[in-house]
Amino acid sequence: MVDVQGTVEDGYEPVRDAFAANFAERGERGAAVTVYRDGRKVVDLRAGTKDGDADPDDATAAPWEPGTAQVVRSATKGIAATVPLLLHQRGQLDLDAPVGTYWPEFKAAGKDRVLVRHLLAHRAGLPALDTPLTPAQAIDGVSGPAAVAAQAPAWTPGTDHGYHAQTYSWLLGELVLRVTGRTLGAWVAEEISRPLDLDLWIGLPDEARPRVGRLAPVEPPPRPASAGLRVRPKRSVADAYADPDSLTSRAFAAISPAPDENDDAYRAAELPASAGIATAPALARAYAALIGPVDDHPRLFAPATLTLARTEESAGPDRTLLVNTRFGLGFMLHGPASPLLGPGSFGHPGRGGALAFADPESGIAFGYVTNGMQRNVTADPRAQALVRAVAAVAAVAAVGG
């Protein structure tokens, strides 16, 4: 039995039960989950080992502690998207302006009509690069923006959508730099993480390095025969991931060979698509602050900005993921590909596990972080078990008034 540490308020015990079941039944190694409701922390749990490659039966393995953080992969995208929306809220960025207004070099190769909102909603036609970047180029701050500026779009921008798995880093990062003179990671640190006291970084500082655990791939345990048929990817999806020439494979391989996510240089780099580092409490608190006041801090998103964040911009077959996805301006929206709490929820999963979102209707904000990377993109079974538990609690609370 895993030793689950932390607290749950009365009524939220099903979340603790689901969290413990993730270790017993779903291959969890080390993880944490935090839930806020109406700006107040109601769930804060952790268990397992700090490092995903540690032997869970080794009594000397470092445990997951209250301040343990992990790379959260694409859950970083939701935090990154907060920046251009707040810049728009402050009158510094026009979402309907061509990207080239702020970044003249971006106009190359027929991209003069790509709008800022197209970047946020994965409609720019730039999910892949003709020539992938090496890990060193990906983090040098120059090669990535130059590559996407020179890249011809894969489809007419604004007419369709496809997940920009890696290129999102350089598209948003350079746009924010051109508008503000600050890197996106610096902007997050100065305007979001420090004021809200968040253990959340896009570009890990040296002093925080000892707190970050190691990611490792893990295989979920086989489901028992009594559990029914195991859901398998559609053949076309499986074929696309297996085909190195497909848009799907090329999008995820925009950095090639794949970077070592446990490398100090990678963690210190500012890659807003994939390399954010956070604790579960920080992710949940960040989303809580988007939708309402937290402690003495006023809400970050004005009502109009919150509407922009979760108004559907892209929906239907995704050219990259080959399943139906829904996006607002930078945030993934509730749907079959990424079930959240309800129709008004917005947030972002991380490939292999992490998930963070807010649901304004219920006042709930959710953050889940893991070090065990399972083979999934948008709907991790461990995260979904926790979401279902939170949904059950929220439903009871709604009935009870």
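Check the entry above for the structure.
Q: Is there a simple way to think about the overall build of the chain in this case?
A: Within the chain, the secondary structure is distributed over 13 helices and 14 strands. Here the chain has a C-alpha radius of gyration of 20 Å; the compact-globule value for 401 residues is 21 Å, and the two agree. Taken along the three principal axes of its C-alpha coordinates, the chain extends 55 × 45 × 40 Å. Burial analysis of the chain (401 residues in total) assigns 56% to the buried set.

Q: Help me understand unusual backbone geometry in this model?
A: Note on backbone geometry: most residues besides glycine have negative phi, and most peptide bonds are trans. At the junction of Ser256 and Pro257, the peptide bond is cis and its omega measures out at 0° in the coordinates. Within the secondary structure layout, Pro257 lies in the loop between helix 9 (247–252) and helix 10 (264–268). The phi dihedral of Asp38 is positive, around 55°, even though this residue is not glycine. With respect to the helices and strands, Asp38 occurs in the loop between strand 2 (30–37) and strand 3 (40–48).

Q: How should the packing of aromatic side chains be read in this particular structure?
A: Between two aromatic rings, the relevant description is the distance of the centres plus the angle of the planes. Taken as a whole and assessed by the stated rule, the structure comprises 10 aromatic pairs. Measuring from centroid to centroid gives 6.2 Å for Tyr163 and Phe327, while their planes differ by 15°, and the two rings are stacked. One end of the pair, Tyr163, is in the loop between helix 5 (143–150) and helix 6 (168–180); the other, Phe327, is in strand 9 (residues 324–327), with 164 residues separating them in the sequence. Judged by relative accessible area, Tyr163 falls into the buried class, the value being 3%. Directly above the aromatic system of Phe106 lies the positively charged group of Lys111, at a separation of 5.0 Å from the ring centroid. A cation sits over an aromatic face here: Arg351 above Phe252, 4.2 Å from the ring centre.

Q: What am I meant to see in helix 12 (residues 303–310) here?
A: Side chains that are three or four residues apart share a direction in an α-helix, a result of its 3.6 residues per turn. Among the residues of helix 12, those classed as buried are Thr305, Leu306 and Ala309. Here the buried residues of helix 12 occupy an arc of 100° about the axis, which is enough to place them on one side. In helix 12, the exposed positions that point more than 90 degrees away from the buried face belong to Pro303 and Ala304. Buried residues along helix 12 sit against helix 2 (75–89), helix 11 (280–291), strand 10 (332–333) and strand 11 (346–349).

Q: Teacher, can you tell me more about the nonpolar core here?
A: Soluble globular proteins: nonpolar side chains tend toward being buried together. In terms of nonpolar packing, the biggest core is built from 74 residues, with Leu119, Trp170, Leu200, Tyr287, Phe301, Phe331 and Phe346 touching the most fellow members. Here this core takes 10 residues from helix 11, the largest share from any one element. Among the nonpolar cores identified, the runner-up in size contains 27 residues, and Val4, Phe23, Ala47 and Ala389 belong to it.

Q: In this structure, what is going on with helix 7 (residues 184–196)? I would like to understand it.
A: Along its 13 residues, helix 7 runs 17 Å from first to last C-alpha, staying within 8% of the 18 Å computed at 1.5 Å per residue. Along helix 7, the sharpest change in direction is near 30° and occurs at Glu190. Buried residues along helix 7 sit in contact with helix 2, helix 6, strand 5 (200–201) and helix 11. Following helix 7 by one or two positions, Asp197 adopts a phi angle in the positive range, close to 55°.

Q: I'm lost on the environment of Gly48 in this one. Help?
A: Within the secondary structure, Gly48 sits in strand 3. Each C-alpha atom of the pair Gly48 and Asp58 lies 11 Å from the other, and the pair is 10 residues apart in sequence. Dropping the residues within four chain positions of it, Gly48 is found in contact with Val2, Phe23, Arg29, Gly30, Pro63 and Trp64.

Q: Explain the sheet that holds strand 4 (residues 70–71) here, please?
A: The strands that make up a sheet are held in pairs by hydrogen bonds between backbone atoms, and each pair lies either parallel or antiparallel. Spatial strand order, 4-7-5: three strands in an open sheet with antiparallel pairing. Every other strand in the sheet has two partners, leaving strand 4 and strand 5 as the edge strands with one partner each. The sheet contact formed by strand 4 and strand 7 (residues 277–278) spans two bridges and is antiparallel. Bridging across to strand 7, Gln70 finds its partner in Ala278.

Q: Got a minute to help me understand the pattern of salt bridges in this structure?
A: Side chains that carry opposite charge are capable of pairing whenever their charged atoms lie near each other. By the definition in use, this model includes 23 salt bridges. Several salt bridges share partner residues, and in doing so they unite Arg90, Arg182, Glu190 and Glu191 into one network.

Q: Can you help me understand the environment of Val369 in this one?
A: Tracing the backbone through its elements, the reader meets Val369 in strand 13 (residues 364–370). Residue Val369 is classed as buried on the basis of its relative accessible area, which comes to 1%. Sequence-wise, Val369 and Val179 are 190 residues apart; in three dimensions their C-alpha atoms are separated by 31 Å. Other than its neighbours up to four places away in sequence, Val369 contacts Gly30, Ala31, Ala32, Trp64, Gln70, Val72, Ala278, Thr279, Ala280 and Leu283.

Q: Where do I start with the packing of helix 2 against helix 12 in this structure?
A: Geometrically, a packed helix pair is captured by the angle between its two axes and the distance between the axes. At a closest axis distance of 10 Å, the pairing of helix 2 and helix 12 adopts a crossing angle of 140°. In terms of axis orientation, helix 2 runs oblique to helix 12. In this structure, helix 2 meets helix 12 at a crossing whose hand is right-handed. Contacts between helix 2 and helix 12 pair Leu85, His88 and Gln89 from the former with Thr305, Leu308 and Ala309 from the latter. Of the residues belonging to the contact of helix 2 with helix 12, the class tally is three nonpolar, three polar and no charged.

Conventions we followed
- Residues numbered from 1 in each chain as written.
- Predicted model: local features only at pLDDT ≥ 70, side-chain atom pairs only at ≥ 80, totals over all residues.
- Heavy atoms only, no water.
- Helix = DSSP H or I, 4+ residues; strand = E, 2+ residues; numbered from the N terminus.
- Rg over C-alpha atoms; globule rule 2.2 N^0.38 Å.
- Buried < 20%, exposed > 50% of the residue type's maximum accessible area, 1.4 Å probe, protein only.
- Phe/Tyr/Trp six-rings, centres within 6.5 Å; stacked < 30°, edge-to-face > 60°.
- Lys NZ or Arg CZ within 6 Å of the ring centre and 35° of its normal.
- Arc of directions from axis to C-beta.
- Contact = heavy atoms within 4.5 Å.
- Core = buried A, V, L, I, M, F, W, Y, C linked by side-chain atoms within 4.5 Å.
- Expected span 1.5 Å × (residues − 1).
- Bend = angle between axes of the 7 residues up to and from the residue.
- Pairing = 2+ DSSP bridges.
- Salt bridge = Lys/Arg side-chain N within 4 Å of Asp/Glu carboxyl O.
- Axes fitted to C-alpha atoms, helices over the stretch in contact; angles between N-to-C directions.
- Parallel < 35°, antiparallel > 145°, perpendicular 65-115°, else oblique.
- Left-handed = near helix turned anticlockwise from the far one by under 90°.
- Nonpolar A, V, L, I, M, F, W, Y, C, P; charged D, E, K, R; others polar.

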